[in-house]
Amino acid sequence: ATQVLNAVRNQWYTIFRDVDLSVAVAKRSPDPDRPFLSDFLFFWLLKSSGLLKEGNSSAAVLAKLLKVNSAVRRLVKKNKLDKVGNPSEAMLAKITKCKSDCDESCYLGLFRPGKLEWKQVEEMIWGIQPHA
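Predicted model only: the values in this text are computed from it and were never measured. (Residues numbered from 1 in each chain as written. Predicted model: local features only at pLDDT ≥ 70, side-chain atom pairs only at ≥ 80, totals over all residues. Heavy atoms only, no water.)

**Q** An account of the overall build of the protein is needed here, citing residue identities and associated values.
**A** In terms of regular secondary structure, the protein is built from 5 helices and 2 strands. For the protein, the proportion of its 132 residues judged to be buried stands at 39%. Sequence-distant contacts in the protein: of pairs separated by 6 or more residues, those separated by 24 or more amount to 61%. Accessible surface, the protein as shown: approximately 7,800 Å² in total, 51% of it carbon and sulfur. (Helix = DSSP H or I, 4+ residues; strand = E, 2+ residues; numbered from the N terminus. Buried < 20%, exposed > 50% of the residue type's maximum accessible area, 1.4 Å probe, protein only. Contact = heavy atoms within 4.5 Å. Areas by Shrake-Rupley, 256 points an atom, 1.4 Å probe, with all protein chains shown as cover.)

Pasting the structure below:
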């Protein structure tokens, strides 16, 4: 999981925000606003996607994340995320501003528990029904 995080951080270094941990109150700062990611949100995304359970290599997981990122970009452009919350114009401006070295913007920061989850996107992209 850490190898995948490092690869994605290298790819889209401008989309990640640091989270402060406060030892005194045993709390961490809130998650960054969409479309930004933190390590915590990224690990949640990996867990909810099930990609690590499938025994995939970090290269295979990264390849799948890149495919899903492109698919989410297409869904956003076609306004197909209206049931789960299309991103606002301000979010889209931040996404396109945070392009990577590969010149593709990162849409993975739109994923959030209860807002946009992996199983919803899988269903929209590939017609895979979410597991019960």
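Alright, that's what it looks like, and here's the rest.
**Q** Explain the nonpolar core to me, and be specific about the residues and the numbers.
**A** Formed by 32 residues in total, the largest nonpolar core has its most connected members in Phe42, Leu65, Val72 and Phe111. Elements supplying a minimum of two residues to this core: helix H1 (2–11), helix H2 (39–49), helix H3 (58–77), helix H4 (89–97) and helix H5 (118–126). For valine 72, the residues in contact, after removing those within four places along its chain, are Leu81, Tyr107, Leu110, Phe111 and Val121. (Core = buried A, V, L, I, M, F, W, Y, C linked by side-chain atoms within 4.5 Å.)

**Q** Residues and numbers for H3, please.
**A** End to end, H3 covers 29 Å across 20 residues, agreeing with the expected 28 Å (1.5 Å per residue, within 8%). Buried residues of H3: Val61, Leu62, Leu65, Val68, Asn69, Ser70, Ala71, Val72, Leu75 and Val76, and no others. On the buried face of H3, the contacting elements are H1, H2, H4 and H5. Directly beyond the C-terminal end of H3, a positive phi value near 55 degrees is found at asparagine 79. (Expected span 1.5 Å × (residues − 1).)

**Q** Can you explain the pattern of salt bridges? Please cite residues and give values.
**A** Side chains that differ in charge, positive against negative, can pair when their charged atoms come close. Taken as a whole, this structure holds 1 salt bridge when the rule is applied. Arginine 9 is the partner of aspartate 39 in a salt bridge, and the nearest nitrogen-oxygen pair spans 2.8 Å. Placement of the pair is aspartate 39 in helix H2 and arginine 9 in helix H1, with a sequence separation of 30 residues. (Salt bridge = Lys/Arg side-chain N within 4 Å of Asp/Glu carboxyl O.)

**Q** Explain unusual backbone geometry to me, using residue names and the numbers behind them.
**A** With omega at 15 degrees, the peptide bond leading from arginine 34 into proline 35 counts as cis. Mapped onto the secondary structure, proline 35 falls in the loop between strand S2 (27–28) and H2. Phi at asparagine 79 is positive, roughly 55 degrees, even though this residue is not glycine. Take asparagine 79: it is sitting in the loop between H3 and H4.

**Q** Let's hear about the packing of H1 against H2: which residues, and what values?
**A** Relative to each other, H1 and H2 sit at 120 degrees, their axes nearing to 11 Å. By the criterion of interaxial angle, the relationship of H1 to H2 is oblique. Handedness of the crossing formed by H1 with H2: right-handed. Residues Thr2, Val4, Leu5, Val8 and Arg9 of H1 form the contact with H2, whose own contacting residues are Asp39, Phe42, Phe43 and Leu46. Among the residues making up the contact of H1 with H2, the classes are represented as 6 nonpolar, 1 polar and 2 charged. (Axes fitted to C-alpha atoms, helices over the stretch in contact; angles between N-to-C directions. Parallel < 35°, antiparallel > 145°, perpendicular 65-115°, else oblique. Left-handed = near helix turned anticlockwise from the far one by under 90°. Nonpolar A, V, L, I, M, F, W, Y, C, P; charged D, E, K, R; others polar.)

**Q** Please give an account of the environment of leucine 92 that cites residues and values.
**A** Tracing the sequence through the fold places leucine 92 in helix H4. Spatially, the C-alpha atom of leucine 92 lies 9.9 Å from that of lysine 77, the residues being 15 residues apart in sequence. Not counting residues up to four positions away in its chain, the partners in contact with leucine 92 are Val76, Pro87 and Tyr107.

**Q** With reference to specific residues and values, describe the packing of aromatic side chains.
**A** Inspection of every chain in the model, using the stated rule, returns 2 aromatic pairs. Here the aromatic rings of phenylalanine 16 and phenylalanine 42 are separated by 6.1 Å at their centres, their planes lie at 65 degrees, and the arrangement is edge-to-face. On the criterion of sequence distance, the pair formed by phenylalanine 16 in the loop between H1 and strand S1 (21–22) and phenylalanine 42 in helix H2 is long-range, its members being 26 residues apart. One residue, arginine 17, lies across the ring of phenylalanine 36, its end atom 3.7 Å from the ring centre. (Phe/Tyr/Trp six-rings, centres within 6.5 Å; stacked < 30°, edge-to-face > 60°. Lys NZ or Arg CZ within 6 Å of the ring centre and 35° of its normal.)

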